[in-house]
Structures are given as structure tokens and as C-alpha cells.
Amino acid sequence: MINLTRERNEMPQQDSAVRCSNFGEVALGFTQADAIREAMRCLNCRKKPCTTGCPVGMHIPAFIAKVAEGDFEGAYEEISIVSCLPAVCGRVCAQEIQCEQQCVHAENGEAVGIGRLERFVADYHAAHCAATTEIAAKPSGKRVAVIGSGPAGIACAGDLAKLGYAVTIFERMQVAGGILCYGIPEFCLPNEVVDREISALRAEGVELVTGAGVDAGRTVDSLFADGFAAVFVGNGAEVPMEMHIPGEELSGVYNANDYLTQINLNRDELPSAYRQCKRAVIVGCGNVAIDAARCARRMGAEVTIVYRRTLAESPARLEEIHHAQEEDIAFRLLTNPVAFIGENGKLTGVKCVQMALGEPDESGRRRPVEISGSEFVIPADTVVLSIGTSFSDDITANTEGVSTGKRGGIDVDDCGATSRPGVFAGGDAVTGPATVVAAMGAGKRAAAGIHQYLSKK
Ligand SMILES: Cc1cc2nc3c(=O)[nH]c(=O)nc-3n(C[C@H](O)[C@H](O)[C@H](O)COP(=O)(O)OP(=O)(O)OC[C@H]3O[C@@H](n4cnc5c(N)ncnc54)[C@H](O)[C@@H]3O)c2cc1C
Ligand code: SF4
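Conventions used here
Residues numbered from 1 in each chain as written. Chains lettered and ligands numbered in written order. Predicted model: local features only at pLDDT ≥ 70, side-chain atom pairs only at ≥ 80, totals over all residues. Helix = DSSP H or I, 4+ residues; strand = E, 2+ residues; numbered from the N terminus. Buried ≥ 20, exposed ≤ 12 C-beta atoms within 10 Å, placed from the backbone. Contact = placed C-beta atoms within 7 Å. Axes fitted to C-alpha atoms, helices over the stretch in contact; angles between N-to-C directions. Parallel < 35°, antiparallel > 145°, perpendicular 65-115°, else oblique. Left-handed = near helix turned anticlockwise from the far one by under 90°. Nonpolar A, V, L, I, M, F, W, Y, C, P; charged D, E, K, R; others polar. Pairing = 2+ DSSP bridges. Near = placed C-beta within 6 Å.

Draft legend 1. Examining the environment of Leu160 more closely. On the secondary structure map, Leu160 appears in helix 9 (residues 151–162). The class for Leu160 is buried, based on 30 C-beta atoms found within 10 Å. When neighbours within four sequence positions are excluded, Leu160 is seen to be in contact with Val144, Tyr165, Val167, Ala447 and Ile450.

Have a look at this one:
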């Protein structure tokens, strides 16, 4: 029976006053009854527009139909045909601008909660079903090296293992998962959820070596010399950008990568400045900035986000902005820092100017223009810079024949093949900072490209 309600089922969540002092998940997940009710809103449309909005082409109505029948494990199997990270994607994908935006319900009401259902199914599977060891296809006898264990590397490795390749992931950090683990905070995506999905990858036979960077020591060439028949590069784009304004060297000024990594991986042994922080200013207004702001709030600070444009131009998910507002994080929009001020080497404030929006720039967004004489100071003991990241040349500088674009992203064709035969790439390392599901899609395309390449050899 179809549920004709225009509004989707609410996601239960932790109260905003309580959650500001803990790192527990904000969204608590659907109950079985919520999930069935929500799934019954799906019309099983003939043209399946939602599926065209999914970058990995998930069979959305098919899995939702199983949820509506109460066959949650059947729904998990449907999702698993294309996704090895459903509990992750169900939590962090921007469904509102992808599958859910295409849902016919969105025309006159609220889209089916596809992401919420995906998360429910993945969590149900984890709670109720014993881990299974998938039997891979007949071994191909060929080995593939994957550099980086972020979503691009994980998706590529998972698909190759299913095709019978012996896959080894080389990860420079001591933990696996990339940004999923050390970037995105636990109140959005618990590390335990990432570990769970990575364990499933190991169960498929993928070998994961951590603390094993590929750079000037272990190179792409040495991987080929060690017997790998192809290499996938999924090392992300995580070099933080700087503002190049006075005072950036003061103690108390952090980049978002370092700040979030400390909080995600080292919360029990944080530097004292993190916990003693009273007033934090976060520069930028993307997902990373919002995450940093919400972490600083949980450290007990009064937090202000400073952004040179308006919320309409912010690339952050609307849901995350709402969560930040509920957590009493202040937004000073059309405001840009011009200097960090300090005493005895320690940050005491941020000198800002007021901005106005001018003509559109190359990104299509209206360019912020400084209003002269509008300087003012926001007192602060902590600043977290979240103004973007760029490409590392760890791998490209040490590998002959892999061409890059002007900004340093690796050039690839539609199958993820680089200019050097046998070397493939995908995810942020190619596009620059993007999304989890885009990186997964690139990893999957590259796995298909590697299979095609190795099948001919
Ligand atoms: C704080 C934060 C919040 C985000 N929030 C969201 C969100 O809510 N939703 C969303 O869709 N996207 C979000 N993103 C973006 C998303 O996480 C990335 O687009 C995605 O993780 C990119 O995947 P990737 O596999 O290409 O790279 P990464 O996830 O960056 O993984 C690259 C991996 O390669 C490893 N590595 C790097 N160099 C080497 C080397 N030389 N040798 C070996 N290993 C190496 C790294 O340690 C890392 O594990 C967020 C990003 C950040 C930073
Ligand atoms: S577009 Fe919406 S209603 Fe139609 S099949 Fe997809 S999820 Fe169901």
C-alpha cells in the first residue's frame, strides 16, 4: 500500500542543547516502523528519476521496495550490488542535491528520504546479520596496488576483489578510511561505522597496509617492480591553502585538516589549547568549516563562522548549516579576515572587513568586494582556516609519465586511465575536493578500466 503523505518521516536526533557537549551522533536513525512508513511513500516510478541522480547508479526503488516489504536484508543485498559504503553514504551524501532532488515527490512535497533509508538498511544489516566472507570470482592471478584508503580507493579495491584480483591498499596514515575517518567528525559519521565497512572489504580478501605511504621511497615504479600489474592512485587532495595575511603564524591559528584530525583521532590526548579555547573563529563556510565550527563548539567555545559571501553561496549542506545554527554557532556573513592579531605570539583577535557582492566570478558565484573603511576586530583565542585544499605532488613528482593539469590534479580519461599505461587515478586526486560518492564513482569506473586493461594483457 502506498503512503501518500507529502512530508517525509522526521529523523530522530539528539537535542541541540545536549549534543553540544558530546561527540555522539546527532541523527539517531529510523526505527523499523519509520523505515517501512517512509519506504511506502515510494511510487516505484517507471522511469526511476532518483536513480539517474545517484553518481553510482544505485537501484533505488528496488531497495526501497524491499524495505516496504520488511525484507531489510534483501534491501541490503540490492544496495550492495553497487555500493560498499552504504552506512557512510546514508549519513554523509548530499542526497538533497542528488537522488532526492530528482525524486518526483520533491515537485509537490518532500522527496522520499532515500539517504535515511539507505542508512537504516546498512545499520540493520550490521546489527542483525553475521559478517559474511564473500567468495571472490575465480582468482585472476594478477595483483593490483591501490594508493589511499579513502572512498575512491575503497570502491576501486572492492570492485577489483569481486573480479578476482589480489588487491593491496597502501595507506600512509595509521588508520584506514581517509577523510571519512580523520576528517568528518564522529557526530556526523562515527569512526566505528567506517571501520565496519572497511572490515567488510577485508572480508572480501583485500589486503590493507597502513603506515605505508607511496612517495619518493616506495614509488609507483617500485610497486610495478614488486609484481603489481596495475596501480590505482586515490591519494585525495589535502594540502591546506593559506590566506597569506599577517599573523597566520600565531599560536592559536590552525588549518582545518590538522584541527579535525586531532579531534577525530586523538580526542583523549588533545593539546590543552583545544579544551581551553573560549572564542573560536572559523574562516570559510563549506562542509569542512561547519564541521570545524561544530567541533570547536563541543570543546566549549563560543564559535563564529566568518564567510566572505552569503549563505546562498555556501557550498555546505543545508542540513549541516541548520545543525550549526541549532548549536548556537554565529554566522558573520559578507565578512573577510585581513589580519590575525596577537600578543606574545598568541592569537587575541581577527581583524575583518565587511564585503559586498559584485559581479559573478569564474565559479559563477558573485564575487565579494571589500567595503573600504569597514574594519573591525573579533576577539578570538582560536582560528581554524577552512578555505580549501589542493593537490599533493607526493606521487606525481615521483612517477614518470603521469600528466597533471595546471593546478596539479591527475589527468585521466573516462575509465580513470592516466597518461601512463597501467596507472589509473580517481577521486579528489583528479577533481580536487569533491564528495564521497563522486570519489566512489570514480573508483568504480577505474576498477572497470583496470579490468579492461588487464584482460587484454
Ligand atoms: C572535514 C571534511 C568533511 C567532509 N564532509 C563531506 C560530507 O559530508 N559529504 C561528502 O560527500 N563529502 C564530504 N567531504 C569530502 C569527501 O570526504 C572527499 O571528497 C572524499 O573523501 C574524497 O575521497 P578520496 O578517496 O578521493 O580521498 P580521501 O578521502 O582524501 O582519501 C585519500 C587517502 O589517501 C591517503 N594518502 C594520501 N597520500 C598518500 C600517499 N602518498 N600514499 C599512501 N596513501 C596516501 C590519505 O591518507 C587518505 O587516506 C568532506 C571532506 C572533509 C575534509
Ligand atoms: S523518484 Fe522517488 S518515488 Fe519515484 S522511484 Fe525514486 S524514490 Fe521512489
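Draft legend 2. Structural context of the packing of helix 4 (residues 60–69) against helix 8 (residues 114–128). Running from N to C, helix 4 and helix 8 cross one another at 60°; their axes reach a closest spacing of 11 Å. As the angle between them shows, helix 4 and helix 8 are arranged oblique. Judged by the sense of rotation from one axis to the other, the crossing of helix 4 with helix 8 is left-handed. Of helix 8, the residues touching helix 4 (which contributes Ile60, Phe63, Ile64 and Val67) are Ile114, Leu117 and Val121. Of the residues contributing to the contact of helix 4 with helix 8, the split by class is seven nonpolar, no polar and no charged.

Draft legend 3. Focus on the environment of Ala62. Within the element layout of this structure, Ala62 appears in helix 4. On a C-alpha basis, the gap between Ala62 and Gly373 in space is 59 Å, while along the polypeptide they are 311 residues apart.

Draft legend 4. Layout of unusual backbone geometry. The phi dihedral of Asn44 is positive, around 50°, even though this residue is not glycine. Checked against the element boundaries, Asn44 lands in the loop between helix 2 (32–39) and helix 3 (49–52). For His244, which is not glycine, the phi dihedral falls at a positive 55°. Relative to the helices and strands, His244 is located in the loop between strand 5 (239–240) and strand 6 (253–255).

Draft legend 5. Geometry of the sheet that holds strand 6. Here we have five strands laid out as an open sheet, ordered 6-14-7-8-9, and parallel in their pairing. Edge positions in the sheet fall to strand 6 and strand 9 (330–332), since each has one partner strand and no second. Averaged over neighbouring strand pairs, the angle between their axes works out to 25° when direction is ignored. Examined bridge by bridge, strand 7 (residues 279–283) and strand 14 (residues 382–385) share four bridges and lie parallel to one another. Paired with Ala280 across the strands is Thr382, a residue of strand 14. Contacting strand 6 and strand 14, helix 13 (residues 256–265) runs over the sheet at an angle of about 85° to strand 6.

Draft legend 6. Representation of the site of ligand 2 in the model. Residues in contact with ligand 2 amount to 15 residues; listed here are only the nearest, Cys42, Cys45, Cys50, Pro61 and Cys103. Listed by contribution, the elements that provide at least two residues to the shell around ligand 2 are helix 3 and helix 4. Per-element accounting of the shell around ligand 2 gives the leading share, three residues, to helix 4. Class assignment for the residues of the shell around ligand 2 results in 12 nonpolar, two polar and one charged.

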